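Summary of the model geometry
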Amino acid sequence: MKKRQKLSILVAIASAQMSGLAIAETDYLLDELVVTGTRSGALLLEQAGNTARISEQDIDLVRADHPNEIVNRVPGVMVQRGNGQEHLTSIRSPVLTGGAGAGSFLYLEDGIPLRAAGFANVNGLFEVNHEQAGGIEVVRGPGSALYGSNAVHGMINFLTRAPSLDLERQIDLSAGPHDLYKGKFTVSDTVGAHGYRFSINGTTDGGYTNRSNNPGVISRKAGYDQQKMTFRHDYTGEIDSFTTVFSATNLNQETQGYVPGKRSYRSSRDSRTRFSNSYRDAKATRLSVRWDREVSDRATFSLTPYMRHTEMEFLMDFLPGQPVEKNRHTSAGLLAAYDIDLDGGHRVIFGTDFEYTRGRLSEEQFNPAQAGFLPGLHYDYKVDATVVAPYVHAEWQLAERTRMITGLRYEFTRYDYDNRTDEGRFGNNFRPDDGKDRFHNVSPKLGLVQMLTDEMSVFVNYARGNRAPQTTDLYRLRSQPGLDEARAGRANSEKMDSIELGVRRLGQGLQYEVTTYYMKKRDYFFRDSNNDNVNGKTEHYGVELALFYPLSEQWDVAANVTFARHLFDFDYLGANPVNPLVGPTNISDGNYLPSSPRRMSNIRLGWNFLQNSRAELEWVHVDRYYVTESNNQSYSGHDVFNLRAFHSVNQNLTLHARVHNLFDTSYAERADFNNGDFRYFVGERRGLHVGLTYSF
């Protein structure tokens, strides 16, 4: 057990000592250790299944204004940026929206979900301090038995930055186009058994798109103001250790929304102007305390109580009538685990997760009726949610170089739903009566790892991902007038079985991970391009490559490449929509899911031109993809290049700069098709960002 604790400490020490280094080969030493699979330090070569790690040094090099700039460096991942800090996510999946987009991906901070499982946020990544994280780990496909609901298509775990060994104070200031200004400050130190780090940042962005209430009249930019704060305190004793983390975020955004019209993103005028009064205001706070007690040389007991609160208000400009949604929820939870090493190199983790959440949502339309969306109160309800999930994770040393990983998780979810307005139909909206819903989900895991050499291993992994429905999928139903409520869709627990085969090599020289996977999903509950509820099946398969190669002491190349197919596995004939100009949604078995390009890649050429100075040229490729379920409309894809660099002038001062969209390409961050028309979130044009970091 002490060995695993030392692995975790080594990660923290290496992060503190190597901050600012540019040598890519040195960076990769951190990637040999990961924590997400077991919530403690583990060797990546011994993991059955994929885990990609983005290092602290990569985070500091990229200096992302939006989380997609950093997480899209992982194969199989495509986070599409909306306006401001909004986004939609794809991890071994199409880009998912609505309840599917919120509930299919698990976003965590130090292994604790950012939101309650049934109250997820499709834009959940703006609620975490990714700018000052100590690392990011991404698991593609279902996770280990330690994680339950929402860990279906994948997980993104943001690791808070560890306290430094010596006093560290740092200020970072940067400026960019369209009145973009950002400031960051951190202070950290370790005194005896106590270490701390306080990090805070703020951003103001005038917005690279304009908003107007009247055609031809530009009123103001669609920008945002955002503040984030993270405080971490570590205590390390002989027997007990404690890690306390407090995080808070605030976002006030003036949202442009979609730009309508086929290929409108190519027009410099149309792509930068949208007639919208949309906005989004969101707050989130989280507090957790992890207590690890070393019961013996072989066993550790861990308790992590935590609390969270989130609240958000925004204009739903993507729906006819543009109603206003207000939601909030407050949670208290506990993660309990007992981790023991057995004779023969075996390891077992027994644990149980508990969580209780109280949430509320309202939706009200102030505009005139449009396409079946009536003015007035659409929804107003409360939900109390309880989750209890015992699990076991075991690792068996079958031979000197052969390791088997098994796991089983049972998750019980209960929703107590209280409707605060009239039940029944209200235009296109249907309000269920009060009730209770219970869901029982079992997730088995089985994997095998074979070490071929000290630097190379192959693995095969089977995992099932489950998630109870999002509360919005159960209690905020949409359907056409006259359509039978039963046909409007009733969400069940979503289940996905996944099998993957991979090979990875770490160490000096060429490093890579190649994986191939097949996944089959049942009870996929989604809204089609006519906003109707649909319940069906899908299948997913692909090949992913992550590669790093040092060409010389100064030059290196990294490539993350994805080949994938995400297909419907059922036939569906949609209802006639309210809009007579829009045809019904027809799905044929074998059709591609919307927003699922067959090929994606992120290729980077790095140059360490001086000691502690680095430049990087990045090529982002997105292939053509369909934007309708019937596969009759599509977006042509794009290629965008970015250039970034930093130079350490001396021990205290570092200068950094980057050019986004180097060749000024016209492209769409996201293409969509809804109610008979194309819609786009327009990609940002070429822009120069400059800044400096001062340490004292």
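Here, every reference points to the structure presented above.
The following refers to the structure shown.

Criteria and thresholds
- Residues numbered from 1 in each chain as written.
- Predicted model: local features only at pLDDT ≥ 70, side-chain atom pairs only at ≥ 80, totals over all residues.
- Heavy atoms only, no water.
- Helix = DSSP H or I, 4+ residues; strand = E, 2+ residues; numbered from the N terminus.
- Buried < 20%, exposed > 50% of the residue type's maximum accessible area, 1.4 Å probe, protein only.
- Contact = heavy atoms within 4.5 Å.
- Salt bridge = Lys/Arg side-chain N within 4 Å of Asp/Glu carboxyl O.
- Core = buried A, V, L, I, M, F, W, Y, C linked by side-chain atoms within 4.5 Å.
- Pairing = 2+ DSSP bridges.
- Polar contact = N/O pair within 3.5 Å; in protein donor to acceptor, adjacent residues only side chain to side chain.
- Phe/Tyr/Trp six-rings, centres within 6.5 Å; stacked < 30°, edge-to-face > 60°.
- Lys NZ or Arg CZ within 6 Å of the ring centre and 35° of its normal.

This part takes up the overall build of the chain. Looking only at helices and strands, one finds six helices and 44 strands in the chain. For the chain, with 696 residues in total, the buried portion stands at 60%. Contacts in the chain between residues at least 24 apart in sequence constitute 67% of all its contacts with a sequence separation of at least 6.

Using the criterion set out here, one finds 53 salt bridges in the structure. R92 is paired through a salt bridge with E500; the nearest N and O atoms lie 3.0 Å apart. Here the residue R92 occupies a position in the loop between β5 (87-91) and α5 (98-103), and E500 occupies one in strand β30 (residues 494-505), the gap between them amounting to 408 residues. In this structure, R92 and E500 share a single accessibility class: buried. Close ionic contact of R505 with E455 constitutes a salt bridge, the shortest N to O distance being 2.9 Å. With R505 in strand β30 and E455 in the loop between β27 (435-453) and β28 (456-467), this pair connects stretches of sequence that are 50 residues apart. Each of the salt bridges in this network shares a partner with another, and the network as a whole consists of D58, R73, R604, E616, E618 and R644.

Membership of the largest hydrophobic core comes to 31 residues, with the highest contact counts inside it found for I70, V71, V77, I136, I156, F526 and F570. For this core, the secondary-structure elements that each account for two or more residues are β3 (52-55), α3 (56-62), α4 (68-71), β4 (77-81), β6 (105-109), β8 (133-140), β9 (154-160) and β31 (511-527). If one sorts the elements of this core by residue count, β8 sits on top with three residues. Discounting residues that sit within four places of it in the chain, F570 has contacts with F526, V534, N535, G536, K537, I587, S588 and D589. Counting 20 residues, the second largest nonpolar core, distinct from the first, contains L88, V122, Y265 and F678.

In this section: the sheet that holds strand β26 (residues 429-431). Taken together, the three strands give an open sheet; going across it, the order is β25-β26-β29, and neighbouring strands pair in antiparallel fashion. A strand with exactly one partner marks an edge of an open sheet, and here the two such strands are β25 (424-426) and β29 (477-478). Relative to β29, β26 runs antiparallel, the two sharing two bridges. Its bridge partner being in β29, F430 is matched across the sheet by L477.

A negative phi angle characterises most non-glycine residues, just as the trans form characterises most peptide bonds. One non-glycine residue, D179, lies in the positive phi region at around 55°. Summarising the element assignment, D179 is placed in the loop between β10 (168-176) and β11 (180-191). Taking the relative accessible area as the measure of exposure, D179 reaches 47% and is therefore partly exposed.

Among the secondary structure elements, D353 is positioned in strand β22 (residues 347-365). Reaching out from D353, the side chain makes a polar contact with the side chain of R409 at a distance of 3.0 Å. For D353, the contacting residues outside a window of four places in its chain are R39, L146, L334, L335, A336, V387, V388, A389, Y391 and R409.

With that settled, the discussion passes to the sheet that holds strand β42 (residues 668-674). With antiparallel pairing, the three strands of this open sheet are ordered in space as β17-β43-β42. Strands at the two margins of the open sheet, each flanked by one partner only, are β17 (259-260) and β42. Examined bridge by bridge, β17 and strand β43 (residues 677-682) share two bridges and lie antiparallel to one another. Within the sheet, the bridge partner assigned to V259 lies in β43 and is Y680.

Before going further, it helps to examine the pairing of strand β15 (residues 224-236). Here strand β12 (residues 194-205) pairs with β15 via 12 bridges, running antiparallel. Among the inter-strand pairings, G202 is bridged to a residue of β15, identified as Q227. Where β15 lies against strand β16 (residues 240-254), 13 bridges are found, and the strand directions are antiparallel. Across the sheet, residue Q226 finds its bridge partner in β16, namely L251. Between the antiparallel neighbours β15 and β16 lie three residues.

Glancing now at the pairing of β11. Of the strand pairs in this sheet, β10 and β11 are connected by nine bridges, and their pairing is antiparallel. Across the sheet, residue E168 finds its bridge partner in β11, namely S188. The turn linking β10 back onto β11 is made up of three residues, and H178 within it adopts a positive phi angle of 45°. In this structure, the hairpin formed by β11 and β12 is closed by a connection of two residues, where G192 is found at a positive phi of approximately 65°.

For the rest of this paragraph, the subject is the environment of L165. Of note, L165 is situated in the loop between β9 and β10. It is 9.8 Å that separates the C-alpha atoms of L165 and G192, two residues lying 27 residues apart in sequence.

What follows deals with the packing of aromatic side chains. For the structure shown, the criterion picks out 22 aromatic pairs. Look at Y235 and F242: their rings are 6.3 Å apart centre to centre, the planes differ by 40°, and that puts the pair in the tilted class. For the ring pair F526 and F568, a centre distance of 6.0 Å and an interplane angle of 35° mean the geometry is tilted. Of this pair, F526 sits in strand β31 while F568 is found in strand β33 (residues 555-568), placing the two residues 42 residues apart along the sequence. Judged on exposure class, the residue F526 and its partner F568 are both buried. When the ring centre of Y147 is taken as origin, the NZ or CZ atom of R39, which lies over that ring, is 4.9 Å away. Lying across the ring of Y524, K521 places its NZ or CZ 4.2 Å from the centre.

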